[in-house]
Amino acid sequence: VLILFGVVATLLIWTCFFVCKERVPPAAHPKGNPLADVKVLFATRAWLCLAVGGLLAFSVLLLPVGNAIYYMSYVAERPDHIPVYLVLSGASMMLAAIVSGVMTKFFCKRAVWRAGSFGAVIALASVYFIDPQNLPLLYVVTVIANLCVGVTVPINFAMASDVADLIELQHRRRMPGMVFSGL
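Residues numbered from 1 in each chain as written. Predicted model: local features only at pLDDT ≥ 70, side-chain atom pairs only at ≥ 80, totals over all residues. Heavy atoms only, no water.

**Focus: the overall build of the protein**
- Within the protein, the regular secondary structure consists of seven helices and zero strands.
- The order of α-helices and β-strands along the protein, N terminus first, is α-α-α-α-α-α-α.
- Viewed in the frame of its principal axes, the protein has a C-alpha envelope of about 65 × 55 × 35 Å.
- Each of the 183 residues in the protein was classed as buried or not, and the buried ones make up 30%.
- Sequence separation of at least 24 residues holds for 73% of the intrachain contacts in the protein that already meet a minimum separation of 6.
- Element-wise, carbon and sulfur atoms account for 73% of the exposed surface of the protein, whose accessible area totals about 12,400 Å².
- In the protein, the 13 positive side-chain charges and the 8 negative ones have mean positions that sit 14 Å from each other. (Helix = DSSP H or I, 4+ residues; strand = E, 2+ residues; numbered from the N terminus. Buried < 20%, exposed > 50% of the residue type's maximum accessible area, 1.4 Å probe, protein only. Contact = heavy atoms within 4.5 Å. Areas by Shrake-Rupley, 256 points an atom, 1.4 Å probe, with all protein chains shown as cover. Lys, Arg positive; Asp, Glu negative; His and termini not counted. Charge placed at Lys NZ, Arg CZ, Asp CG, Glu CD.)

**Considerations on the packing of helix 3 (residues 45-75) against helix 6 (residues 135-171)**
- Closest axis-to-axis distance for the helix 3/helix 6 pair is 9 Å, and the angle between their directions is 155 degrees. Classified by the angle their axes make, helix 3 and helix 6 are roughly antiparallel. As for how helix 3 packs across helix 6, the hand of that crossing is left-handed. Taking contact as the criterion, the partners of Ala46, Trp47, Leu50, Gly54, Ala57, Phe58, Val60, Leu61, Tyr71 and Met72 in helix 3 are, on helix 6, Leu135, Leu138, Tyr139, Val149, Thr152, Val153, Asn156, Phe157, Met159, Ala160, Val163 and Leu166. (Axes fitted to C-alpha atoms, helices over the stretch in contact; angles between N-to-C directions. Parallel < 35°, antiparallel > 145°, perpendicular 65-115°, else oblique. Left-handed = near helix turned anticlockwise from the far one by under 90°.)

**Quick notes on the nonpolar core**
- In terms of nonpolar packing, the biggest core is built from 17 residues, with Leu41, Trp47, Ile155, Val163, Ile167 and Val179 touching the most fellow members.
- Secondary structure elements with two or more residues in this core: helix 2 (34-43), helix 3, helix 5 (109-126) and helix 6.
- In terms of residues, this core owes the most to one element, helix 6, which gives seven residues.
- Not counting residues up to four positions away in its chain, the partners in contact with Leu41 are Trp47, Leu48, Ile167, Met175, Met178 and Val179. (Core = buried A, V, L, I, M, F, W, Y, C linked by side-chain atoms within 4.5 Å.)

**A short note on the environment of Ser100**
- Residue position: Ser100 is located in helix 4 (residues 82-106).
- Once the C-alpha coordinates of Ser100 and His81 are considered, the two residues, 19 residues apart in sequence, prove to be 28 Å apart.
- Discounting residues that sit within four places of it in the chain, Ser100 has contacts with Val151, Pro154 and Ile155.

**Overview of helix 2**
- Every buried residue of helix 2 is listed here: Asp37, Val40 and Leu41. Looking down the long axis of helix 2, one finds its buried residues gathered within 100 degrees of arc, a one-sided arrangement. In this structure, helix 2 carries Leu35, Lys39, Phe42 and Ala43 as exposed residues pointing more than 90 degrees from its buried face.
- Elements in contact with the buried residues of helix 2: helix 3, helix 6 and helix 7 (176-181). (Arc of directions from axis to C-beta.)

**Brief notes about the layout of surface pockets**
- There is about 420 Å³ of room inside the largest pocket.
- Taken together, 13 residues make up the lining of the largest pocket; nearest its centre are Ala46, Cys49, Arg110, Arg114 and Met159.
- Of the residues forming the lining of the largest pocket, the biggest block, five residues, is contributed by helix 3.
- Its volume calculated, the second largest pocket comes out at about 280 Å³. (1 Å grid on protein atoms, 1.4 Å probe; cavity = no way out; pocket = protein on both sides within 12 Å on 5 of 7 lines; lining within 4 Å. Points joined across faces, edges and corners; volume = space filled by probe spheres on them.)

Geometry only, nothing functional implied.
Okay, here's the thing in structure tokens:
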């Protein structure tokens, strides 16, 4: 059954490829110079802010997951709660990514990103003051922190396209690939 599905899918993709025609001609742009493009990136304040903010956001996103194993095993001495912690983290992060699109319809992307980052820092810093045996409070703070961080992740990529447009407007260079790959 899967082989048949694969063959049919391949034939349909080939049909689309050979039947569809490009109707919008690509814009004529001068051939790019990667070194000049990197210089433009580092000369653009918006891209620098986004790159540093993205690095911090992804650090806040990934470090608690790695620290959870250590914290639950050696600080709280409850390694049996590691799966619960990780499931709550992942679920709250996914929920936040869904809510992120709705929030940016009502509020500025930058404001939502800043509020999410600030909320995550406050929530994660508060873990230091929580009694390691108080796991319900730790779970609540974890969910709050991941809701805050999860909102920022899709916004980071949405703002990257805005930065690519800004670079094109200011420097007359179209380089969305460099903008996204630099993040």
